[in-house]
Amino acid sequence: MEQVAISVAKSLTSVIQVASKFIAEEIGLLLGVEEELFFIQEELEMMGSFLRAASAENVKNDTVITWIKQVRELAFDVEDCLQEASVYLMQKSCLPAWCSVKERDYIARKIRMLKARIENVSKRNLRYELLKSSGVAEGNNDPIDHKGTSPWLSANDEPFLVGLDEPMEKLVGLIKQNSTELKVISVVGMSGLGKTTLARKVCTVKDLSDDFMFAWVNVLHPFNMEEFIESLAKQILLHTEDVMQGPKSEDQLFKKTRNEKMAEKKVTDKLKEKKYVIVLDDLSLQSEWDKIKPVLPESTGSRIIVTTQSEDLAKSISVGSNIYNIDRLSSDDAEYLLYKTVFKTSNTKDQPNESGCDVKTKLKQFKKTITSTSDMEQQAQKIIKMCDGLPIAIVTVGSYLATLEKKYKSDEWKKVHDQFDREIKDNPRLEKVKTILNSSYGRLPYHLKSCLLNLSIFHNHHDIRRTRIIRRWMADGYVMGDHDKTPEEVGKDYFNDLMGRSLIQPSRRVSGDIYRCNIHDIMYKLILEKSMKENDVSVLKDENLVTMTDKIRHMVITGGQRKKDSVLTKLKFSHLRSLSIFGEVGDNLRYINRMKLLRVLDLEGIIDLGNQDLKKVGELRHLKYLGLRGTKITKLTKSLRKLHELETLDIRNTAVVRLPKEFTELQNLSYLRAGFDLYKEDLRENTYPMCCNVLCSLWFQCLVWPITKLEYCSNCTPMSDKAVNYLKSCCPNICMALLVLFCLPILDRAVIEKNYGTNGVRVPPGMRKLRSLHTVGMVDVCGSERLIKEMQYLTNLRKLAVTGFSEKNGETLAEVINGLNHLVSLVLSATDKRGLKRCLDSVSSSFPPKYLKSLKLYSPISELPGWIEKLENLEKMELRYTELWMEEIKKIEKLQNLTVLRISANSIEQRNISSSSANSVQEGNTSSSSANPIEERDICLSFRKETFPNLKALIIERMGFLVSVSFEERSMPKLENLEINRCYSLGQGGLSGLHLLKQLKEILVKYGEFEETKKKELISELETQISTLPNKPRLRGMRY
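The name an unreviewed UniProt entry assigns to the chain is Disease resistance protein RPM1, from the organism Rhynchospora pubera. According to its UniProt record, the chain has this under Sequence similarities (unreviewed entry): "Belongs to the disease resistance NB-LRR family."

As structure tokens, this is what we get:
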């Protein structure tokens, strides 16, 4: 029921907003229905309060559920009516001119009918006594109780303990550390990863039983302090009473304590006498911990193990070194667990001796025992991929396979995989995995439940951009701002909360900031099932409509092109709120004129979208979100001017280079993303399909390099001498013809992009009218002084990315920057070598943008301005093509909040100085330089002592002449992530001092197909350097 309640609560909130808007603009007064609108607003507010309470209490009364569904449909109808009315009543001043008496009467009559329906729904509530004085209806509100299961390991659990050796070693080590203080150890991860199993296993370690007593408490939800004390007391007092006064039952012991009304005090006193390991299983809220903590004495040397899904909670109750993030199973561990679960009933005599073997050996031995076939192994891999390393899912599916008579036949395995979507809904044997994941969902507050369910629209639920999710939430009405925070900030809080609860997982994280996320396959299936069950999402997949409803609210279309007699011709779109298409667009948009109430049109990444497909987009008067990122469109339709409600326009990585003049009429637009990413890997394939690495590199080395001495094309890979010589021996006439036809235009454009920053979009005059804009980029001002001056009127700007300015108007741009008091992100790229320096030098040194958190510079500057040292809030900085002198790094190395630093192509230059000075600059890297003499253009990066105190991520990419990187003692003491990308001159001996980076967690090395030898040498050396680090950093090599 809870998904129904939260869906309705969200709908009511949106309707109340629309009704309030009508009242504020006095439209209700003009229509003669002001009293009715007031009544609707107030009645829906009361209903919304009840539904939120019902969701929190998990009401299961069937009559209440039916009533809630009626409220839901009524709320949608109210919203549809008001939205439809607003098409005719866009501005009250225009009402008499273009809204006839007949239309006004029709709208007023419809509103009065809706008021009557609301009155009937309210009377129905009174008639059936659905609302109680407590605020909720009677129902099954029992907390989630685990008392029926034993907290300790049973014999049946033992076969499923796979992949726990390393976590066990880590946790036991933390428990054994000498300390007289109370230590809280947190085990964090999503439901089903095995947090509880790991904690149980730790409690069976014999070495710990000599020093500690053990107690286990399953934290109930909602939390009950009395139950907690009772559970803890039964175990704590049992350990002491049976020794001093003889054996007594648990009930007798607690009865005695309860009668004395000193349960809590007595438990605390007993905990002071001995050292305990107390497991708090499934703690979820800070408020729960705040109630529990006073019971636990501070100085006994006891250990508290907390299993939780909340990363934020873990950070608040445990120090960093005492937090263990449990990971998904590796592919080998997952496969071994699956086989072991399926064939667990096999004769024990046939089981291999697994003691002392690694998992690969165990898996190999097990396969021999069961005589697995290649088809079975292939189907096993599909099941493992479906379960995505989630132990509970693997065990559940494996246990189901174990019950089949033909479990040795691969056809049965294939059937289970292919029908898993249906099985997880209907098969009681798979109920356990649903129960565990549903418990995570059930504890969410109502606003997070609606946000999570909305993620079911992402058919390809991997690598989803955070900004895409948040902007869609805003357009759909799931996120609203308040007096302290903007809607974007609230949306980011919601996103981080879902991430912190492990309901979604990060796919791209930089210094703790998550830009993209994944949804586990099984979790996605569950939220999709919930959404479709309430007719909230309809999915059309390859001509098959997964759900059918009279009123479609959110539609997802996947697969190829539709047929002429497509099922779409039979559907009603008059109530459609959002349309998301994945794959090919075909003729799906020809019905767009029937989607009058559409708010979200998400066409991101569609491979065949053309300009003609968007001709009718102007008819979507209520559209708030238009996502066209990564498509092949070249221009926007002029009907764009009709989209008065549009808030988000995303045309990033398209071929649109100029916005139409009608763009300036979008006065509600707050978010504009345009231009393209020069370093986008998939962009190179889509935008430059003929950019052959081999030909481009040959053309560069044979023709361009001797003349221009420029670096390699940023979109291509440098080649080894062997490959170049081989191609030189080929027919020069053929090579030259291919080079001129294919590479010259591409390379010429790349050079232009590099030196003149033309990767933005040109905007028409009149941009000053768009006062709602808070995110703009990348905008190409084309050297226009007038256009730059217009930006000073955009006082709400928080994020600005500008290109196309020069030395001539750099000072004007600086004046604009000085006036933008809320700026938190700034990207600058000039068209000449002096434009950026002129701009930055003209920014007020006394009052630089003090709230700036992100700064990206993409043009030559040679020296950084002095005011950069005053940016106390700066967290991220990127340097690209800046040609900075090495010593300029000193200006940013003391910034206290800088956490991410990206050093990209041509960002650092080696100053031509005397040999003695050069030695001082390269201090700390003498070993590599002596072995490989430094050439004139070679670059040596050396990070000095006690610099970059809080830097967590360092990315060095496309530095073609970088030969060495060294870290001195106490430089970057908190560095966690190091990425080396396409630095083809960096080989063996190029990286030094890694053993000094004590907090390092991951090193990523990206290399090309002609750099395999250097990569192996570098990886081997890195493995040696980081082998002594305490965090055991992960080392990855990836080919780009």
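Read on, since the account is not over.
Counting its regular elements, the chain contains 35 helices and 32 strands. Across the 1040 residues in the chain, those meeting the buried criterion constitute 55%. Here the analysis covers contacts within the chain between residues at least 6 apart in sequence; of these, 67% occur between residues at least 24 apart. If you sum the accessible surface of the chain, you get close to 46,700 Å²; carbon and sulfur atoms cover 49% of it.

The residue His 995 is located in the loop between β30 (991-992) and β31 (1002-1007) in this model. Assessed through its relative accessible area of 38%, His 995 is described here as partly exposed. Excluding residues within four positions of it along the chain, His 995 makes contact with Gln 1025, Thr 1028 and Leu 1029.

On to a positive patch on the surface. Among the surface-exposed residues, Lys 615, Lys 635, Lys 638, Arg 641, Lys 642 and Lys 661 lie close enough to one another that they form a single positively charged patch. Checked against the element boundaries, Lys 642 lands in the loop between β14 (625-627) and β15 (648-650). Judged by relative accessible area, Lys 642 falls into the partly exposed class, the value being 31%.

Membership of the largest hydrophobic core comes to 119 residues, with the highest contact counts inside it found for Leu 579, Leu 601, Phe 805, Leu 828, Met 877, Leu 954 and Phe 967. Not counting the four nearest positions on each side in its chain, Leu 601 is found in contact with Leu 579, Leu 589, Ile 592, Val 617, Leu 620, Leu 623, Tyr 625, Leu 626 and Gly 627.

Our next topic: the environment of Lys 293. Among the structural elements, Lys 293 can be located in the loop between α13 (286-292) and β4 (303-308). Owing to a relative accessible area of 40%, Lys 293 belongs among the partly exposed residues under this scheme. Separated by 24 residues in sequence, Lys 293 and Ile 317 have C-alpha atoms that sit 9.7 Å apart.

Turning next to the sheet that holds strand β2 (residues 213-218). As summarised here, the arrangement of the 5 strands in space is β2-β3-β4-β1-β5, forming an open sheet in which the pairing is parallel. Each edge of the open sheet is held by one strand with a lone partner, namely β2 and β5 (323-325). In this sheet, neighbouring strand axes are inclined to one another by 15° on average, regardless of whether the strands run parallel or antiparallel. Across the sheet, helix α8 (residues 195-202) is in contact with β1 (183-188), β2, β3 (276-281), β4 and β5; its angle to β4 comes to roughly 160°.

Next up on the list: the pairing of β1. Within β1, 6 of the 6 residues are buried, which leaves it mostly tucked inside the rest of the structure. Neither face of β1 is left uncovered, since the one carrying Lys 183, Ile 185 and Val 187 and the one carrying Val 184, Ser 186 and Val 188 both have all their residues buried. Across 3 bridges, the pairing between β1 and β5 is parallel. Bridge pairing links Val 188 to Asn 325 in β5.

In this section: the sheet that holds strand β26 (residues 939-943). If you walk across this open sheet you meet the 3 strands as β26-β28-β30, and the pairing is parallel. A single partner strand is all that each edge strand has here, and the edge strands are β26 and β30. Taken together, the 2 bridges between strand β28 (residues 962-967) and β30 define a ladder with parallel strand orientation. Note that in β30 the partner of Ser 966 across the bridge is Ser 992.

Looking at the chain as a whole, the pLDDT averages 75, with 70% of positions reaching at least 70. A low-confidence stretch, residues 1-9 stays under pLDDT 50, and its non-local contacts, those more than four residues away or across chains, total 35 contacts. Note that pLDDT drops below 50 for residues 241-248; the model gives that stretch 8 contacts with residues more than four away or on any other chain.

Below, the discussion takes up helix α32 (residues 835-842). Among the residues making up α32, those that are buried are Gly 835, Leu 836, Cys 839 and Leu 840. The arc that holds every buried residue of α32, seen down its axis, measures 120°, which confines them to one face. The elements touched by buried residues of α32 are β19 (799-805), α31 (810-819), β20 (825-830) and β21 (854-857).

Our focus in this paragraph is the environment of Arg 880. Relative to the helices and strands, Arg 880 resides in the loop between β22 (876-879) and β23 (884-885). Residue classification places Arg 880 among the buried residues on the basis of a relative accessible area of 9%. Within the structure, the side chain of Arg 880 is placed 2.7 Å from the side chain of Glu 878, a separation counted as a polar contact.

For Lys 195, the location among the structural elements is in helix α8. A polar atom in the side chain of Lys 195 sits 3.0 Å from the backbone oxygen of Gly 189. If near-sequence neighbours (up to four positions away) are discounted, Lys 195 is found in contact with Val 187, Val 188, Gly 189, Met 190, Thr 307, Thr 308, Gln 309 and Ile 326.

Criteria and thresholds
Residues numbered from 1 in each chain as written. Predicted model: local features only at pLDDT ≥ 70, side-chain atom pairs only at ≥ 80, totals over all residues. Heavy atoms only, no water. UniProt positions renumbered as here; feature names shortened; annotations may be inferred. Helix = DSSP H or I, 4+ residues; strand = E, 2+ residues; numbered from the N terminus. Buried < 20%, exposed > 50% of the residue type's maximum accessible area, 1.4 Å probe, protein only. Contact = heavy atoms within 4.5 Å. Areas by Shrake-Rupley, 256 points an atom, 1.4 Å probe, with all protein chains shown as cover. Patch = residues over 30% accessible without salt bridge, like charges linked within 9 Å, V, L, I, M, F, W, Y side chains within 5 Å. Salt bridge = Lys/Arg side-chain N within 4 Å of Asp/Glu carboxyl O. Lys, Arg positive; Asp, Glu negative; His and termini not counted. Charge placed at Lys NZ, Arg CZ, Asp CG, Glu CD. Core = buried A, V, L, I, M, F, W, Y, C linked by side-chain atoms within 4.5 Å. Pairing = 2+ DSSP bridges. Axes fitted to C-alpha atoms, helices over the stretch in contact; angles between N-to-C directions. pLDDT = per-residue confidence, 0-100. Arc of directions from axis to C-beta. Polar contact = N/O pair within 3.5 Å; in protein donor to acceptor, adjacent residues only side chain to side chain.

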